[in-house]
Amino acid sequence: MREEPVDEPKPKSFVISKWAVWEAYRRVKANKGAAGVDGESIEEFERDLQGNLYKLWNRLSSGSYMPPPVRAVQIPKKDGNSTRTLGVPTVADRIAQTVVRGYLEPSVEPVFHEDSYGYRPGRSALDAVGVCRERCWRQDWVLDLDIRAFFDRVPWDLVLKAVAHHTDQRWILMYVERWLRAPLQREDGSLVWRDRGTPQGSAISPLLANMFLHYAFDAWMAREYPGVRFERYCDDVIVHASSERQALQLRAAIAWRLTECGLELNEDKSRIVYCKDTTRRGSHEYERFTFLGYTFRPRMARSKYGGVFVNFLPAIGDDERKRIGRVIRRWRVHRRSGSTLTDLAKAINAEVRGWASYYGRFYRSELVRLLRRINEYLIRWVCWKYKRLRRSPAKAKRFLAAVYRREPTLFAHWRFGARPDGWTMGAG
């Protein structure tokens, strides 16, 4: 009896680990995120998790995966007067991008410059702020660089050239190019086709941005100006100089280099700043700058011997202070008379802890002063909650101070040092 032939599974065009797809899914799930153009959330994707992951792996491995359009979302900038476009990929697309990033990142991470901090494992924005603070003490001048619309202007050919330099995997280069070319879809459903740029919000975009700027800026600086120190967090760059003349020369050279790489220095927002303090008593048009949410400027400080002097230090930025103030007002804590203090603490503590963790690292007393506003709203809450205290804010404050003495860790801002009894402990 003749045996029927058995169909052999077709070999895949590319060898991609199923485990890599699973790990990418876990990372995407941990990062959460909004739905893309298909409206599918993480929870909906997980209804047929095994089938969806297998389908994605199969398409990636066969070379047939085609990225869908990226949902364009307009989010306000910190100045409150303009917006920037955030690209939101679908869940499946974020997983696919994370797969590629997982294969590509280990080969490029060791090459990156030591003063590159953005979106790198084991490095953070606070690390960059701390290093910047120390270098401002040692050098008198800072060049605060602003690259005009960086994510909208990145040239694709140079990005692909950087990727090709670090991998011989043809599928990685192919999918990176497809993601670069994927259109943006507006809220009205219309598509925006691009010929350059990489939308913020995708899983692969930060790595591509770092790769591009490594060759466009970091490696160039190390080669042309090996003695000049800088801190770069993605496209936020601070360069240190020993004199105003050197800072002017650096600005001109960097502007030329960015133009050579298809970018443009925003001359209106790029500034040369004098790091003024007790020993540096000159003056300049600009004596402050903001980097990663911290404003650097002359501030009063206490020496290890107990004396007071002026130092050039970072503290929570002016724009961030206004933004947090708006959030505190929107809570309308004083109007929640139907809630208990425990309810209020649960509602706000997570966000306050986040502020304290980031903006309280340096010159924390500035943040403590801001967080005291919460106590003002809590005092008003006491007045609304208890009729006998409605006309006596002083008694309401004493009531809140008594609660603090019984439960000093109830509110996150109390633990941070913004006490309701008027004292500030550990906030220097």
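What counts and how
Residues numbered from 1 in each chain as written. Predicted model: local features only at pLDDT ≥ 70, side-chain atom pairs only at ≥ 80, totals over all residues. Heavy atoms only, no water. Core = buried A, V, L, I, M, F, W, Y, C linked by side-chain atoms within 4.5 Å. Buried < 20%, exposed > 50% of the residue type's maximum accessible area, 1.4 Å probe, protein only. Helix = DSSP H or I, 4+ residues; strand = E, 2+ residues; numbered from the N terminus. 1 Å grid on protein atoms, 1.4 Å probe; cavity = no way out; pocket = protein on both sides within 12 Å on 5 of 7 lines; lining within 4 Å. Points joined across faces, edges and corners; volume = space filled by probe spheres on them. Pairing = 2+ DSSP bridges. Axes fitted to C-alpha atoms, helices over the stretch in contact; angles between N-to-C directions. Salt bridge = Lys/Arg side-chain N within 4 Å of Asp/Glu carboxyl O. Expected span 1.5 Å × (residues − 1). Bend = angle between axes of the 7 residues up to and from the residue. Contact = heavy atoms within 4.5 Å. Phe/Tyr/Trp six-rings, centres within 6.5 Å; stacked < 30°, edge-to-face > 60°. Parallel < 35°, antiparallel > 145°, perpendicular 65-115°, else oblique. Nonpolar A, V, L, I, M, F, W, Y, C, P; charged D, E, K, R; others polar. Patch = residues over 30% accessible without salt bridge, like charges linked within 9 Å, V, L, I, M, F, W, Y side chains within 5 Å. Areas by Shrake-Rupley, 256 points an atom, 1.4 Å probe, with all protein chains shown as cover. Lys, Arg positive; Asp, Glu negative; His and termini not counted. Charge placed at Lys NZ, Arg CZ, Asp CG, Glu CD.

(A) Local environment of the nonpolar core. Counting residues in each nonpolar core, the largest one holds 69 residues, and the members touching the most others are Ile95, Phe150, Phe212, Val239 and Ile254. Take this core: its biggest share by element is 10 residues, from helix H9 (residues 205–224). The next biggest cluster of nonpolar side chains, apart from the first, holds 55 residues, and it includes Tyr117, Ile238, Tyr359 and Leu410.

(B) Layout of empty space enclosed by the protein. With the rule as written, the count across this model stands at one cavity of 30 Å³ or more. Estimated volume of the largest cavity: approximately 110 Å³. Along the walls of the largest cavity sit 14 residues, with Val70, Gln97, Trp179, Pro199 and Ser202 positioned nearest its centre. Mapped onto the lining of the largest cavity, the elements with two or more residues apiece are helix H4 (91–108) and helix H8 (170–181). At three residues, the largest contribution of residues to the lining of the largest cavity is made by H8.

(C) Structural context of the layout of surface pockets. By volume, the second largest pocket is sized at about 390 Å³. If you go around the second largest pocket, you meet 17 residues; those closest to its centre are Asn31, Arg94, Gly201, Ser202 and Ala203. Within the residue set of the lining of the second largest pocket, elements represented by two or more residues are helix H1 (18–31), strand E2 (83–88) and H4.

(D) Highlighting the pairing of strand E11 (residues 308–316). As judged from the nine bridges shared by strand E10 (residues 294–302) and E11, these two strands associate in the antiparallel manner. Looking at E11, one finds that tyrosine 294 is bridged to isoleucine 316. Where E10 folds back onto E11 in an antiparallel hairpin, the turn is made up of five residues, including glycine 306, whose phi is positive at roughly 100°.

(E) How the structure looks around the sheet that holds E11. Across the sheet, three strands lie side by side as E9-E10-E11; this open sheet has antiparallel pairing. Each end of this open sheet is capped by a strand with a single partner; those strands are strand E9 (289–291) and E11. Across the sheet, the mean angle from the axis of one strand to that of its neighbour is 50°, orientation sign disregarded.

(F) Spotlight on the pattern of salt bridges. A complete count under the given rule lists 23 salt bridges for this structure. Put simply, aspartate 140 and arginine 280 hold a salt bridge, and the shortest N to O gap is 3.1 Å. Here aspartate 140 is found in the loop between helix H5 (125–138) and strand E3 (141–146), whereas its partner arginine 280 is found in the loop between strand E8 (271–274) and E9, with 140 residues between them in sequence. Residue arginine 280 is classed as buried on the basis of its relative accessible area, which comes to 7%. One continuous salt-bridge network, built from bridges that share partners, spans Glu114, Asp115, Arg135, Arg229 and Glu231.

(G) Summary view of helix H12 (residues 341–359). Over its 19 residues, H12 runs 25 Å from end to end, which matches the ideal 27 Å to within 8%, given 1.5 Å per residue. At isoleucine 348, H12 shows its largest bend, some 45°. Residues of H12 that are buried: Leu341, Leu344, Ala345, Ile348, Asn349, Val352, Trp355, Ala356 and Tyr359. For H12, the elements touching its buried residues are E10, E11, helix H11 (318–331), helix H13 (364–385), helix H14 (393–406) and helix H15 (412–416).

(H) Structural detail: H4. Compared with an ideal rise of 1.5 Å per residue, which puts 18 residues at 26 Å, H4 spans 25 Å between its outermost C-alpha atoms and is within 8% of the ideal. Along H4, the largest kink reaches about 30° and is centred on glycine 102; proline proline 106 follows within four residues of it. With 13 of 18 residues buried, H4 is to be regarded as a mostly interior element.

(I) Highlighting the packing of aromatic side chains. Taken as a whole and judged by the stated rule, the model has 23 aromatic pairs. With a centroid separation of 5.5 Å and 45° between ring planes, the pair formed by tyrosine 54 and tryptophan 57 is classed as tilted. Separated by three residues within a single helix, tyrosine 54 and tryptophan 57 lie in helix H3 (residues 49–62), roughly one turn from each other. A relative accessible area of 13% means that tryptophan 57 is categorised as buried.

(J) Quick look at the packing of H11 against H12. Between H11 and H12, the shortest axis-to-axis distance is 12 Å and the interhelical angle comes to 170°. When the axis of H11 is compared with that of H12, the two are roughly antiparallel. On the side of H11, the interface is formed by Glu320, Arg323, Ile324, Val327, Ile328 and Trp331, while H12 contributes Ile348, Glu351, Val352, Trp355 and Tyr359. Residues belonging to the contact of H11 with H12 are distributed by class as follows: eight nonpolar, no polar and three charged.

(K) Expanded view of a positive patch on the surface. On the surface, Lys322, Arg326, Arg329, Arg330 and Arg373 cluster together to form a positively charged patch. With four residues, H11 is the single largest residue contributor to the positive patch. Position of arginine 330 among the secondary structure elements: in helix H11. We classify arginine 330 as exposed; its relative accessible area is 60%.

(L) Highlighting the sheet that holds E3. Taken in spatial order, the four strands of this open sheet run E6-E7-E3-E8, and their pairing is antiparallel. Every interior strand has two partners, whereas the edge strands, strand E6 (230–233) and E8, have only one. Ignoring which end each strand starts from, the neighbouring axes of this sheet average 15° apart. Summarising the sheet, E3 and strand E7 (residues 236–241) pair through six bridges and their orientation is antiparallel. Residue pairing across strands places aspartate 146 opposite aspartate 236, the latter belonging to E7. Most of the contacts of H9 go to E6, to which it runs at about 175°, and overall it touches E3, E6 and E7.

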